[in-house]
Amino acid sequence: MNSVFGIILQRLGLGLLTLLVVSVLIFASVNALPGDFAQAILGQGATPEAVAAIREDLGLNKNPVVRYFDWLGGVVTGDFGTSFAQANMASFAGADTGKGGIESVAQQMAPRFRATLFLASTAAIIAIPLALTLGVLAALYRNSAYDRFINITTLSAISSPEFFLAYILILFLAFLNPLLPSLSNFSNDLPLGEKIYYTLLPALTLTLAVTAQMMRMTRAAIINLLASPYIEMARLKGMSPLRVILVHAFPNALAPIINVIALNLAYLITGVVVIEFVFVYPGIGQLFVDSVKNRDIPIVQACCLLFAAVYILLNLTADIMSILSNPRLRHPK
């Protein structure tokens, strides 16, 4: 148990170190983007004095190293700063950005992130059981017509761009057969049934995008174990092929399956930018696109850091669960 606890602490430490390195890369990359917020907000007719005044008001004239540590210190305390757009409107209105009338970056992101989590959860609830079921059946009936059909279908889905899949689903489920709305008028205040109704079409698009990898990994992991001696012994005892796979093969194939599920769960949260943009879904991806277009650096940095933190956290969770599910990893020699 001590060795497992030590391994978990080591993984958490590496995750924090990775997040710190990623924060440096995010800050450097975002601040290297072409264009200037002050120039963009004032337009081409802006005077150098007006641009300099806005840059000073927003702190853009500070040394980049100082700005990074100011930002990092705020992130550690849960303060991601104030949106440039909000601060600029307040300065024009003569308001104090510290007052309650101005929303912080965290306040702007919170409802968007909840919406994205609902979308990702809906897609995961559909995709994970579907992928595991298809993978187990493909392993059970490997090299059959069913196996070939499932492989061709899932590979076609994963090979197609997300926006193409989205428009295909919109064509068949929103226009030719108006079962679901083409635009997601989602709100966190809606009843659960309406939330699912407005989320189902983008969730189905994400399901098509992630099911193939999980299904193929499940199939491959189970097939790799079917030649093991204990599987042969189970067959010699007269167990049915389905029971052999579910009771004996599947539990020992969990480690790689957990890893690929965690990667796809991370994708469901961090890779929703295109899907949210197509369906005009009010999530964190849509906020990220709008902020990049408006050069709102605090929101862009916060969104990037949030995506990185979710990705790292889910990978750490998969790593820890793989260790706990495998005795050889729990007790390394």
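Position numbers for residues count from 1 along each chain, tracking the sequence in the order it is written. This being a predicted model, a pLDDT of at least 70 is required before a residue's local features are given, and a value of 80 or more before pairs of side-chain atoms are given or counted; all residues contribute to the totals for chains, interfaces and linings. Excluding hydrogens and water, the side-chain values take into account all heavy atoms of the structure.

Undergrad: Where do I start with the overall build of the protein in this structure?
TA: Elements are defined by DSSP. Helices are runs of H or I of four residues or more, strands are runs of E of two residues or more, and each kind is numbered from the N terminus. Within the protein one finds 16 helices and 0 strands. Should any heavy atoms of two residues lie within 4.5 Å, those residues are counted as being in contact. Summarising the internal contacts of the protein: among those between residues at least 6 apart in sequence, 73% fall at separations of at least 24. Note that accessible areas follow from Shrake-Rupley with a 1.4 Å probe, and for residues the cover is restricted to the protein chains shown. Within the structure as shown, the protein displays about 17,700 Å² of accessible surface, and the carbon and sulfur contribution to it stands at 67%.

Undergrad: How should I be thinking about the environment of S160 in this particular structure?
TA: Mapped onto the secondary structure, S160 falls in the loop between α7 (145-159) and α8 (162-175). The sequence separation of S160 and A209 amounts to 49 residues, and the corresponding C-alpha distance is 8.3 Å. We call two N or O atoms a polar contact when they sit within 3.5 Å, provided that within protein one can donate a hydrogen and the other can accept it, with sequence-adjacent residues counted only if both atoms are side-chain atoms. Here the side chain of S160 touches S156 through a polar contact of 2.8 Å, landing on its backbone oxygen.

Undergrad: Where do I start with unusual backbone geometry in this structure?
TA: Of all residues except glycine, most have a negative phi; of all peptide bonds, most are trans. Phi at N143 is positive, roughly 65°, even though this residue is not glycine. Turning to its location among the elements, N143 is positioned in the loop between α6 (105-140) and α7. The class of N143 is exposed, set by a relative accessible area of 57%. The backbone phi angle of V280 is positive, close to 50°, even though this residue is not glycine. For V280, the location among the structural elements is in the loop between α13 (273-279) and α14 (284-294). Burial classes: relative accessible area under 20% of the type maximum marks a residue as buried, over 50% as exposed, and values in between as partly exposed (1.4 Å probe, protein chains only).

Undergrad: Got a minute to help me understand the nonpolar core in this structure?
TA: Within soluble globular proteins, side chains that are nonpolar generally end up buried alongside one another. One finds M214 and I222 to be the most contacted residues of the largest nonpolar core, which totals 54 residues. Where this core is concerned, the elements lending two or more residues are α6, α8, α9 (192-225), α10 (229-236), α11 (241-252), α12 (254-270), α13 and α15 (297-325). Looking at this core, the element that brings in the most residues is α6, giving 15 residues. Apart from residues no more than four positions distant in its own chain, I222 is found in contact with V136, A139, I245, A249, F250 and A253. Grouping buried Ala, Val, Leu, Ile, Met, Phe, Trp, Tyr and Cys residues that are joined through side-chain atoms within 4.5 Å yields what is termed a nonpolar core. If you look at the next biggest cluster of nonpolar residues, it comprises 27 residues, including F27, I299, V300 and A308.

Undergrad: How should the side chain of T122 be read in this particular structure?
TA: Note on placement: T122 falls in helix α6. Excluding residues that lie within four positions of it along the chain, T122 makes contacts with T199 and A203.

Undergrad: Could you clarify how one ought to interpret the confidence of the model for the protein in this entry?
TA: Low pLDDT means the predicted coordinates in that region are not meant to be read closely. On average, the protein scores 83 in pLDDT, and the residues at 70 or more come to 89%. When the elements of the protein are averaged for pLDDT, helix α5 (residues 84-93) gives the smallest value, 60, and α6 the largest, 91. The pLDDT value tells you how sure the predictor is about a given residue, anywhere from 0 up to 100.

Undergrad: What's the story with the pattern of salt bridges in this structure? I'm lost.
TA: Pairing of side chains with opposite charge becomes possible as their charged atoms draw close. Basic side-chain nitrogens of Lys or Arg form a salt bridge, by our definition, when they fall within 4 Å of a carboxyl oxygen of Asp or Glu. Tallying each qualifying case throughout the model produces 4 salt bridges. A salt bridge links R11 to D319, with the shortest nitrogen-to-oxygen separation between them at 2.4 Å. With a gap of 308 residues between them, R11 in helix α1 (residues 2-31) and D319 in helix α15 connect regions that are remote in the sequence. Residue classification places R11 among the partly exposed positions, given a relative accessible area of 22%. K62 is the partner of D70 in a salt bridge, and the nearest nitrogen-oxygen pair spans 3.8 Å.

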